[in-house]
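# Descriptive structure summary
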Amino acid sequence: MTDIQTINQPLSQHIKADGSVTTLAEYQSNYGYQGLTKALSMSPSEVVDWVKNANLRGRGGAGFSAGLKWSFVPPLEKLPGQRYVICNADEMEPGTFKDRWLMEHDPHQLIEGLAIAAYAVQADTAFIFLRADYDLCAERLQHAIDEANAAGLLGEQLNEAGFSLTMLLHTSAGRYICGEETALINSLEGRRAQPRFKPPFPQVSGLFGRPTVVNNTETLCNLPHILYHGIDWFANLGLGDDNGTKIYGVSGRVKNPGCWELPIGTKVADIIAMAGGMQDGVKLRGFLPGGGSTDFLTEEHINLAMDYGTIQHAGSRMGTGTMILLDDQTCVVGMVLNLIQFFAQESCGWCTPCRNGLPFIRQILTDLEAGRGQHEDLEHLLQLCGYIGIGNTFCALAPGAAEPLQSALKYFRDDFVAHIDQACCPHGNSPKPLNGLKKEAIL
Amino acid sequence: MTPIIATDAATHCADWRLKIEPLNEHEETAIAAQIHHYPQPQAATIEALKIVQQQQGWVSDGKVKAIAQRLKMSPDEVDSVATFYNKIYRQPVGRTVISICDSVSCWIMGYQGLAQAVTQELNIALGETTPDGAITLLPTPCLGACDHAPVAIVDDQLTRQLTPASLILLVRRAQEQT
């Protein structure tokens, strides 16, 4: 057995530099599937309590306690019959690539985690809802599911109580809104991926009208380790109020973009240092802490801990934990326009504030970027952020889209004003290429 | 005040008077295997569309009718699903599809230069197919490979850390192959 003290990067411990996949034999040689074995020796409600006490918070962005989410599923005695668990692997948040990293390199970890979740809520069918473009993940996950089935790790009669589990891979056809859990359920039923009204919550009436739990890939990948090593070990991994590790990522003009597993609560500056710092000749101005739908923070926030509470207190969200950096050679108006364009295109069209509000904002930003903006546009944009904010829309897509815009107007208002005063984009409408520095030379 | 584009409405309009294009044996078998995974046949809609697309590159009105018949849905129901998702093509595409990521990290790292170079090289706009039917250019939302930005998918292969020159090289190679 590996020394428990040395395991401080449980989720990425099998990830190899050459990008090859962890085989079943390799996975099992290092306590692989023993977390599931332990879970299967406990009662389902004990597993729910175990994970609830570990305070594993959802790693997809919302940060909701996974154990608590499971506990909303009615007990089998009260509501007998079919129930489902779904792995949300529809990673499509701009700037986010952590789940791909986990699935490509260590598919069995996800399969084991999903099986534990299925046992906890007594589901006999589990789906992995994978985004369309992750072909390598699809290939490796399907192979791993087949391996696990052949080895008797999935399938019929997995414990004395007769727990059985069928695991199926579902590949999507590409749409950001599929990441919203009720939209994901609609998509899995072969419908347009429009969010559903809540209540009823999916834990009571979800996929095909049955109790359903949807968890993020990274959240599920934590489960085998929490079961095997215990709650105290998990609590000790985190640096602040939160427990465990987090897959943090950095993209933008840094020397070495990528993702790394670090203690949850690692300082922003330390995460950027993992990426080798900024490229030569560019300066950091701000960052989106956890994907395209989080508020900008600035250089003054880089000594903050990347955990749910701290980042929220600073006025943003940790989101997916994969940061996008804004540098001094990138136009902030153009960057926000790019994000709004994404959200306008990916809006499902169901509710009016989102369907019409986002193209409206896109038009104003397009004008600003082209030098056709007017000073009153800025107030108008803020007003529109309110119209598409929380409480006015059917789901969180449009409020998320408003976050980078409203915070850009707060921190980088001068950039917007410069576009109006100079009647053009001071950055020439695009990020400037670095002087003679080729990207290949850096990477 | 500048004019406002209210919606991103799809321009395609299906004609259900067209004849059904029956599913071939491979499509029939593959779709039947997918239906088996779910308690309701409708849940296999997306897979069925993908299976057909894999065979003929896109999904025609006649095939939508055939899928609808197989899954006990109306053609409009199937079409409402088909038109919702980015990766289902309801119009013919080129023999090679180049999907260039246009989301934020790739945009910061040089998407605009890539788009400009490739549209000039092929003399078509994004979203169009070359007249010889060789290449379709599509902008695509975040491909989840931001650590390798800017990226594109060329013939189902993720290509990383692109420069205008390296993308043009890929385009020319694709043109030679077709």
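Note that the structure is a prediction, hence the values are computed from the model and not measured.

Basis of the calculations
- Residues numbered from 1 in each chain as written.
- Chains lettered and ligands numbered in written order.
- Predicted model: local features only at pLDDT ≥ 70, side-chain atom pairs only at ≥ 80, totals over all residues.
- Heavy atoms only, no water.
- Core = buried A, V, L, I, M, F, W, Y, C linked by side-chain atoms within 4.5 Å.
- Buried < 20%, exposed > 50% of the residue type's maximum accessible area, 1.4 Å probe, protein only.
- Contact = heavy atoms within 4.5 Å.
- Patch = residues over 30% accessible without salt bridge, like charges linked within 9 Å, V, L, I, M, F, W, Y side chains within 5 Å.
- Areas by Shrake-Rupley, 256 points an atom, 1.4 Å probe, with all protein chains shown as cover.
- Salt bridge = Lys/Arg side-chain N within 4 Å of Asp/Glu carboxyl O.
- Lys, Arg positive; Asp, Glu negative; His and termini not counted.
- Charge placed at Lys NZ, Arg CZ, Asp CG, Glu CD.
- Helix = DSSP H or I, 4+ residues; strand = E, 2+ residues; numbered from the N terminus.
- Buried area = accessible area lost by both parts, 1.4 Å probe.
- Domains from an automatic or database assignment.
- Pairing = 2+ DSSP bridges.

### Observations concerning the nonpolar core
Residue and element names in this part refer to chain A.
- L358 and L365 are the most contacted members of the largest nonpolar core, which has 111 residues in total.
- Ignoring any residue separated from it by four or fewer positions in sequence, one finds L365 in contact with V333, V336, L337, I340, L381, L405 and F416.
- Counting 68 residues, the second-largest nonpolar core is a separate cluster that includes L40, A120, L153 and M167.

### Notes on a negative patch on the surface
- Together, D135 and E139 of chain A together with D155 and D156 of chain B give the surface a local cluster of negative charge.
- If you trace the backbone, D155 of chain B turns up in the loop between β3 (152-154) and β4 (157-159).
- For D155 of chain B, a relative accessible area of 37% corresponds to the partly exposed category.

### Some points on the interface of chain A and chain B
- Contact residues are listed per partner, giving 65 residues for chain A and 49 residues for chain B.
- Carbon and sulfur atoms supply 56% of the area buried between chain A and chain B, which totals about 4700 Å² over both sides.
- A per-residue breakdown of the area chain A buries against chain B is headed by A173, R192 and N338 of chain A, which together make up 12% of the total.
- Residue D133 of chain A pairs with K87 of chain B through a salt bridge whose shortest N-O separation is 3.0 Å.

### Describing the domain arrangement of chain B
- Each assigned domain of chain B is listed with its residue range as follows: domain 1 (25-82) and domain 2 (96-177).
- If you average the C-alpha positions of domain 1 of chain B and of domain 2 of chain B, the two centres end up 29 Å apart.

### Quick look at the pairing of strand β2 (residues 125-130) of chain A
Residues and elements named next belong to chain A.
- Buried residues dominate β2, accounting for six of its six residues.
- Residues T125, F127 and F129 of β2 are buried on one face, and the alternating residues A126, I128 and L130, pointing to the opposite face, are buried as well.
- For strand β1 (residues 84-89) and β2, the ladder comprises six bridges, and the chain directions are parallel. Looking across to β2, one finds that I86 is bridged to F127.
- Bridging between β2 and strand β3 (residues 166-171) involves six bridges; their strand directions are parallel. Looking at β3, one finds that I128 is bridged to L169.

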